[in-house]
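The primary structure of each chain is shown beneath.
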Amino acid sequence: MFPQPVSAREAAVSRAGGPDRRAGAHHHIIVIGASAGGIEPLKQIVGDLPPDLPAAVFVVLHVGQVSYLPEILERASRLTTLVASNGAAVEAGTVYVAPPGFHLLLHDSHMMLRRGPRENLARPAIDPLFRSAALSFGASVIGVLLSGSLSDGTAGLRAIKAVGGLAVVQHPKDALVPAMVQSALHHVEVDHCLPAAQLGGLLARLAAEPVGKTLPAPPGVRPEAVVAAQEHSTMKDEDRLGELSVFTCPECHGPLREIEDGDMLRYRCHTGHAFTADAMMEAQAVEADGILWSLLRSHQQRAEFTWRMAERERSQDRSALAAQLGKRAREYEADARVIERILESRRVQVTDDGAVTEEGNRKEKAK
């Protein structure tokens, strides 16, 4: 189970300057999550952190296969900035950035990188980092959520608060894409909500403050952390969360379990893919679009192939069969036009909070 007991080597690392988790210690673990619109506030925050910050900072930004975030933050910060490394010890005064394609997790005094199942359509995802920090460091953790779409980070921030840590979010009016911070404000008892220009100074002050008592983690936090920590995980019977739903996973098509996390609804499949409700809707929309485009291509190809067969039969004076094939080809073309109209009706608009809505052809219908 996650986390494992501290080994003698890890205890030695801790004594040599790793994180101190004793009662009364300061907030020495800062975890930051961001997505769309998050780079500028990240630069602002790390640029405002003092070089003698008595805390380690861990950053997850939703990225593609290539990321230049470590170089960007290194230029902005007076702290040492590194790409997180599997098994490396945690050191105060350092900013660690999750690399593309790996969840960044904290396990006692060191980091873990894992290619676990994607969460909320992302890897690295914010929730796995936040959960693992809550389990390993309890009340010593400060969780920070910045600009981004959908709601990754909310469940993880809830876990941090549940064990006695602090929750900090960028003010939604200051965020380029406020959906993530709005979700956190709706579902989490946030301690501080400020513009990015004020967050660096706030974190420096909070890092020097003593922490309270670490509280027991809610029952569901540890099993979910286990899933992210394993390369090819399956949810054992005793670790299953929530009730079996009628829905299937948009990523692997396995059955989904519905998790009621306070007033927040989430889903997780047996493989470990996880979705908040809005991430689920986004994934379903992407899946439906893929099916429609595949179906359109299939009908277009069937029509083209059938026309060729009709021409071949006609060239060999088999007019009756040619006519039958021609009729079938026109039916395939008619089906393709129906699918094209469906795709055309699924025009999308991106709202100010980063949400994607289907606009349809309401304007044309109103004419």
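Along each chain, residue indices are assigned from 1 in the same order as the chain's sequence is written. For a predicted model such as this one, the threshold for reporting local features is a pLDDT of at least 70, and the threshold for listing and counting side-chain atom pairs is 80 or more; totals across whole chains, interfaces and linings nevertheless cover every residue. Values shown for side chains rest on all heavy atoms present in the structure; no hydrogens or waters enter the calculation.

1. Some remarks on the environment of V226
- A run of H or I in DSSP becomes a helix once it reaches four residues, and a run of E becomes a strand once it reaches two; helices and strands are each numbered from the N terminus. Tracing the chain through its elements places V226 in helix 8 (residues 221-229).
- Remark: the alpha-carbon pair of V226 and R131, spanning 95 residues in sequence, is separated by 10.0 Å.

2. Here's the deal with the sheet that holds strand 1 (residues 29-34)
- Taking strand neighbours across the sheet as the criterion, the seven strands line up as 3-4-2-1-7-8-9 in an open arrangement whose pairing is parallel. At either margin of the open sheet sits one strand with a lone partner, and together these are strand 3 (80-83) and strand 9 (192-194). Neighbour to neighbour, the strand axes of the sheet diverge by 20 degrees on average, direction disregarded.
- The rule for pairing is simple: two strands pair if DSSP sees at least two bridges between them. Where strand 8 (residues 166-170) and strand 9 come together, three bridges link them in parallel fashion. Bridging across to strand 9, V168 finds its partner in H192.
- Packing against the sheet, helix 5 (residues 154-162) makes contact with strand 1, strand 7 (141-145) and strand 8, and its axis sits at approximately 155 degrees to strand 7.
- Any two residues whose heavy atoms approach within 4.5 Å at even a single point are treated as in contact. In this description, a line fitted to the C-alpha atoms serves as the axis of each element, helices being fitted only across the stretch in contact, and the angle between N-to-C directions of two axes falls anywhere from 0 to 180 degrees. Across the sheet, helix 6 (residues 179-187) is in contact with strand 1, strand 7, strand 8 and strand 9; its angle to strand 8 comes to roughly 140 degrees.

3. A closer look at the side chain of D152
- Relative to the helices and strands, D152 resides in the loop between strand 7 and helix 5.
- Buried within the structure, D152 lacks any salt-bridge partner; its nearest side chain of opposite charge belongs to R131, at an N-O separation of 6.9 Å.
- Looking at D152, its side chain comes within polar contact range of the main-chain nitrogen of I126, at 2.7 Å.
- By the criterion applied in these results, polar contacts are pairs of N or O atoms within 3.5 Å in which, for protein atoms, one can donate a hydrogen and the other can accept it, and in which residues neighboring in sequence qualify only through two side-chain atoms. In this structure the side chain of D152 is engaged in a polar contact, spanning 3.3 Å, whose partner is the backbone nitrogen of D127.
- Filtering out sequence-adjacent residues up to four positions away, D152 remains in contact with H62, N120, A125, I126, D127, L145 and M180. Exposure classes here rest on a 1.4 Å probe applied to the protein chains alone. A residue is buried below 20% of its type maximum, exposed above 50%, and partly exposed in between. The charge count includes Lys and Arg as positive and Asp and Glu as negative, but it does not include His or the ends of the chains. Any carboxyl oxygen of Asp or Glu within 4 Å of a side-chain nitrogen of Lys or Arg constitutes a salt bridge here.

4. Some points on the state of the cysteines
- Cysteine sulfur atoms are paired as a disulfide whenever they come within 2.5 Å of each other. A complete count under the given rule lists zero disulfides for this structure.
- Between C252, a free cysteine, and C269, which holds the nearest cysteine sulfur, the sulfur-to-sulfur gap is 3.7 Å.

5. Regarding the pattern of salt bridges
- Throughout the structure, instances matching the rule amount to 13 salt bridges.
- For E311, the salt bridge is made with R314, and the minimal N-O distance between the two is 2.8 Å. Here the residue E311 and the residue R314 both occupy positions in helix 9 (residues 277-315), the gap between them amounting to three residues, near one helical turn.
- On the basis of relative accessible area, E311 is assigned to the partly exposed category, the value being 46%.
- Residues participating in the shared-partner salt-bridge network are E119, R131, R158, E224, D261, R266 and R268.

6. Considering the packing of aromatic side chains
- Ring geometry is summarised as follows: Phe, Tyr and Trp rings, the Trp one being its six-membered ring, pair when their centres sit within 6.5 Å, and such pairs are stacked at plane angles under 30 degrees, edge-to-face over 60 and tilted between the two. Per the counting criterion, the structure on display carries two aromatic pairs.
- Aromatic side chains F58 and Y96 sit 5.2 Å apart centroid to centroid with 15 degrees between the ring planes, which places their arrangement in the stacked category. Here F58 is found in strand 2 (residues 56-61), whereas its partner Y96 is found in strand 4 (residues 94-97), with 38 residues between them in sequence.
- With a relative accessible area of 0%, F58 lands in the buried category.

7. Re helix 3 (residues 69-76)
- Taken residue by residue, helix 3 has L69, P70 and L73 as its buried positions. End-on view of helix 3: buried residues confined to an arc of 95 degrees, all on one side of the axis.
- In this structure, the buried residues of helix 3 make contact with helix 2 (39-48), strand 2, strand 3 and strand 4. Read the arc as the range of directions from the helix axis to the C-beta atoms.

8. Side note on the sheet that holds strand 13 (residues 274-276)
- Read from one edge of the open sheet, four strands run 10-11-12-13, paired in antiparallel fashion. Looking at the sheet topology across the chains shown, the edges are occupied by strand 10 (243-248) and strand 13. Looking at each pair of strands side by side, their axes are set apart by 35 degrees on average, direction ignored.
- Both strand 11 (residues 255-261) and strand 12 (residues 264-269) contribute to a ladder of six bridges, which runs antiparallel. If you follow E258 over to strand 12, its bridge partner there is Y267.

9. Some details on helix 2
- Along helix 2, the residues that are buried comprise P41, L42, I45 and V46. Seen end-on, helix 2 carries its buried residues on one side only, within an arc spanning 125 degrees.
- For helix 2, the elements touching its buried residues are strand 1, strand 2, helix 3, strand 4, strand 8 and helix 7 (196-207).

10. Observations regarding the pairing of strand 7
- Burial within strand 7 is extensive, with five of its five residues counted as buried.
- Sheet topology note: the strand 1/strand 7 ladder contains five bridges and is parallel. Its bridge partner lying in strand 7, I32 is registered against V144.
- Summarising the sheet, strand 7 and strand 8 pair through four bridges and their orientation is parallel. By the bridge assignment, L145 is partnered in strand 8 with V169.

Don't take any of this as a statement about function, it's just geometry.
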